[in-house]
Amino acid sequence: MRAWQAPSVPDVPGAAPRPVVHDTATGKPVDPTQGDERAALYVCGITPYDATHLGHAATYLAFDTLGRAWRDAGLDVEYAQNVTDVDDPLLERATRDGIDWRELAASQIDLFRRDMESLRILPPDDFVAVTDEVDRVAEAVAFLQETGSAYEVPTPDAEGDDLYFDVNHPTDAWSLGDESGLDRETMLTLAAERGGDPERPGKRDPLDPLLWRAARDGEPSWDSEIGPGRPGWHIECSVIAGDRLGLPISVQGGGSDLVFPHHEMSAGHAAALAHQPLAHAFVHTGMIAYQGTKISKSLGNLVTVRGLLDDGADPRAIRLALLSHKYSDDWEWFDAELTSATTRLATWDAWASGASAGHADDAADVASRIRARVSDDLDTPGAVAAVDTAIAGGTACTPELADLIDALLGIRLA
Ligand code: 5CA
Ligand code: ZN
């Protein structure tokens, strides 16, 4: 489906280092392109049932920064992102609010597009609604059934049986825990909290995740070669990433709440489908909290991009506030974040417009410093500090330096 309008990104001369990022699976910094000229990025997209909150914004901004750093290093970037436009939380919200789930999804996807545009986030090349990929998911699940990785669990209340993934069926490119590194007890707890159903009777292993939910009365379903039903959650991302980008991809990205079960199981499905690892690196953003707890639609402690913009925030200040934190940290949003980012932005704008005289000779060093910081596991706070230091030290903002700030940090200074 249509993504959103791309912001302009200046081409900046000079060499940028290849980015290195922290890989959750190995716990180490890696070049996920493995020296290739092509970088393939898949980032888990929204479940469209509430407006873009700052946690979403921070997550997409982190991967936007990675895409910008790759481009600045001269790589060809291919980027795919899904939208989970049919899933239990979306259906529950639509029922609660008495609206059609399709209408709810469409309106929230539109809002997300507008928010991403306001924040000047680079759009994916492929922005894929799960409801447009149901046939492909069904085909993949049929293949998993034929090859012994999927099995039926008796489902008396449905037209057919639900299909589950057998986490213990051997694959050559994955075994349970490869991506998350978690112990079984933690996996069981997280599966129960994050959409899994370890208590469901009839499964071979309590951790086996749903691949295909057979049609129930009153729930959306699609006819398919494996009977009427709808996709499970993890398989959608394995299929879309594999189809659009080819496996293994460079980076599978998302928030740290997706480490288990979502990315673990997506990697398992990909391995069973393609005998390939899903990704060279699994990169996770930290969770943003507000009023003491993780920002979440279900908890209701939302700070939305739209809300801040409606209150008059400069979208560049929202961006700068988020960039001032390390992407992988968990941190808490305070209203003062926006105030200090707005003040900092005014200082940067005045500097770029040449209001204060300065010397231009070390502007190139500042540019190198920004590039070095961003390519070192997306150290955007370090890049922000490099600009602050340049201003404090009397370095003038050359047009090239302003372009580099725009290209890497996505902030066009006045
Ligand atoms: N549709 C699935 C992924 S396939 C999903 O998790 N959707 S979501 O709308 O719940 O989240 C969208 C993205 O924002 C995910 O990458 C998620 O990890 C991230 N995210 C959600 N809440 C936060 C938060 N409080 N802080 C940082 N990132 C968050
Ligand atoms: Zn996903």
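What you see is a predicted model; the values in this text were computed from it and never measured.

So, the coordination of the zinc ion (ligand 2)
Coordination angles at a metal have ideal targets, namely 109.5 degrees for four tetrahedral donors and 90 or 180 degrees for six octahedral donors. Distances from the zinc ion (ligand 2) to its protein donors, Cys44 (SG), Cys237 (SG) and His262 (NE2), fall within 2.0 to 2.3 Å. Note that the zinc ion (ligand 2) binds four donor atoms; their angles at the metal cover 104 to 118°, and the shape is tetrahedral. Sequence spacing among the residues donating to the zinc ion (ligand 2) works out to C-x192-C-x24-H. Note that Cys44 is positioned in the loop between strand S3 (38-43) and helix H1 (54-72) and His262 in helix H7 (residues 259-274), a separation of 218 residues in sequence. Judged on exposure class, the residue Cys44 and its partner His262 are both buried.

Section: the side chain of Asn301
Tracing the sequence through the fold places Asn301 in the loop between strand S13 (293-294) and helix H8 (305-310). Asn301 gets classed as buried once you look at its relative accessible area, which sits at 8%. A distance of 2.9 Å separates a polar atom in the side chain of Asn301 from the backbone oxygen of Thr293. A polar contact is formed between the side chain of Asn301 and the backbone oxygen of Lys294, at a distance of 3.3 Å.

Focus: empty space enclosed by the protein
Enumeration according to the criterion identifies three cavities of 30 Å³ or more in this entry. In this structure, the largest cavity encloses a volume near 140 Å³. For the largest cavity, the lining is made up of 17 residues, of which Ala58, Ala62, Leu322, His325 and Tyr327 are closest to its centre. Where the lining of the largest cavity is concerned, the elements lending two or more residues are H1 and helix H9 (315-323). Considering only residue class, the lining of the largest cavity consists of nine nonpolar, six polar and two charged. Structurally, the lining of the largest cavity is a two-domain feature, drawing no fewer than three residues from each of domain 1 (21-285) and domain 2 (290-409).

Observations concerning the packing of aromatic side chains
A complete count under the given rule lists seven aromatic pairs for this structure. Relative to Phe112, the ring of Trp4 has its centre 5.6 Å away and its plane inclined at 85°; by these criteria the two rings are edge-to-face. Here Trp4 is found in the segment before strand S1 (21-23), whereas its partner Phe112 is found in helix H3 (residues 101-118), with 108 residues between them in sequence. Grouping aromatic residues by their ring pairs yields a cluster made of Trp4, Tyr60, Phe112 and Phe127.

Looking at the site of ligand 1
Among the 24 residues in the neighbourhood of ligand 1, the closest are listed as Gly45, Thr47, Thr59, Thr84 and Asp257. A distance of 3.4 Å separates an oxygen atom of ligand 1 from a polar atom in the side chain of His56. Backbone polar atom of Gly255 to an oxygen atom of ligand 1: 2.9 Å apart, as the coordinates give it. Here ligand 1 has 600 Å² of accessible area as a free molecule, and 94% of this is covered by the chains. Mapped by element, the contributors of at least two residues to the shell around ligand 1 are H1, helix H6 (233-245) and strand S10 (249-255). If one sorts the elements of the shell around ligand 1 by residue count, H1 sits on top with four residues. Per-domain counts for the shell around ligand 1 show at least three residues from each of domain 1 (21-285) and domain 2 (290-409).

Here we look at the layout of surface pockets
Considering only enclosed or pocket space, the second largest pocket measures out at about 180 Å³ in volume. Every residue lining the second largest pocket is counted, 14 residues in all, and those nearest its centre are Pro13, Ala364, Ala367, Arg371 and Glu400. Those elements that place two or more of their residues in the lining of the second largest pocket are helix H11 (363-375) and helix H13 (399-409). Looking at which element gives the most residues to the lining of the second largest pocket, the answer is H11, with five residues.

Section: the nonpolar core
Leu54, Ile318, Leu322, Trp333, Ile370, Leu401 and Ile405 are the most contacted members of the largest nonpolar core, which totals 76 residues. Here this core takes 10 residues from H1, the largest share from any one element. Mapped onto the domain boundaries, this core takes at least three residues apiece from domain 1 (21-285) and domain 2 (290-409). Apart from residues lying up to four places away in sequence, Ile318 is in contact with Leu54, Leu119, Val305, Leu308, Leu309, Ala313 and Leu338. If you look at the next biggest cluster of nonpolar residues, it comprises 50 residues, including Leu91, Val128, Trp174 and Phe260.

A closer look at the sheet that holds strand S7 (residues 162-165)
Paired through their backbone hydrogen bonds, the strands of a sheet run either parallel or antiparallel. Read across the sheet, four strands follow the order S6-S7-S8-S9 without closing on themselves; strand pairing throughout is antiparallel. Of all strands in the sheet, those bounded by a partner on one side alone are strand S6 (150-153) and strand S9 (229-231). For this sheet, the mean angle separating the axes of adjacent strands, direction not counted, is 20°. Direction of pairing for strand S8 (residues 210-214) relative to S9: antiparallel, over a ladder of three bridges. Bridge pairing in S9 links Ala214 to Gly229. Running at roughly 115° to S8, helix H4 (residues 134-146) makes contact with S6, S7, S8 and S9 of the sheet.

A word on the packing of H9 against helix H10 (residues 335-352)
As a packed pair, H9 and H10 sit with axes 8 Å apart at the nearest point and diverge in direction by 110°. Judged on the interaxial angle alone, H10 and H9 are roughly perpendicular. Every residue of H10 that contacts H9 at Arg316, Ala317, Ile318, Leu320 and Ala321 is listed here: Glu337, Leu338, Ala341, Thr342, Arg344, Leu345, Trp348 and Asp349. Tallied by class, residues from the contact of H9 with H10 come to eight nonpolar, one polar and four charged.

What counts as what
Residues numbered from 1 in each chain as written. Chains lettered and ligands numbered in written order. Predicted model: local features only at pLDDT ≥ 70, side-chain atom pairs only at ≥ 80, totals over all residues. Heavy atoms only, no water. Donors = N, O, S within 2.8 Å, 3.2 Å for Na, K, Ca; no water. Tetrahedral: all angles 85-135°; square planar, octahedral: opposite > 155°, others 65-115°. Helix = DSSP H or I, 4+ residues; strand = E, 2+ residues; numbered from the N terminus. Buried < 20%, exposed > 50% of the residue type's maximum accessible area, 1.4 Å probe, protein only. Polar contact = N/O pair within 3.5 Å; in protein donor to acceptor, adjacent residues only side chain to side chain. 1 Å grid on protein atoms, 1.4 Å probe; cavity = no way out; pocket = protein on both sides within 12 Å on 5 of 7 lines; lining within 4 Å. Points joined across faces, edges and corners; volume = space filled by probe spheres on them. Nonpolar A, V, L, I, M, F, W, Y, C, P; charged D, E, K, R; others polar. Domains from an automatic or database assignment. Phe/Tyr/Trp six-rings, centres within 6.5 Å; stacked < 30°, edge-to-face > 60°. Near = heavy atom within 4 Å. Areas by Shrake-Rupley, 256 points an atom, 1.4 Å probe, with all protein chains shown as cover. Core = buried A, V, L, I, M, F, W, Y, C linked by side-chain atoms within 4.5 Å. Contact = heavy atoms within 4.5 Å. Pairing = 2+ DSSP bridges. Axes fitted to C-alpha atoms, helices over the stretch in contact; angles between N-to-C directions. Parallel < 35°, antiparallel > 145°, perpendicular 65-115°, else oblique.

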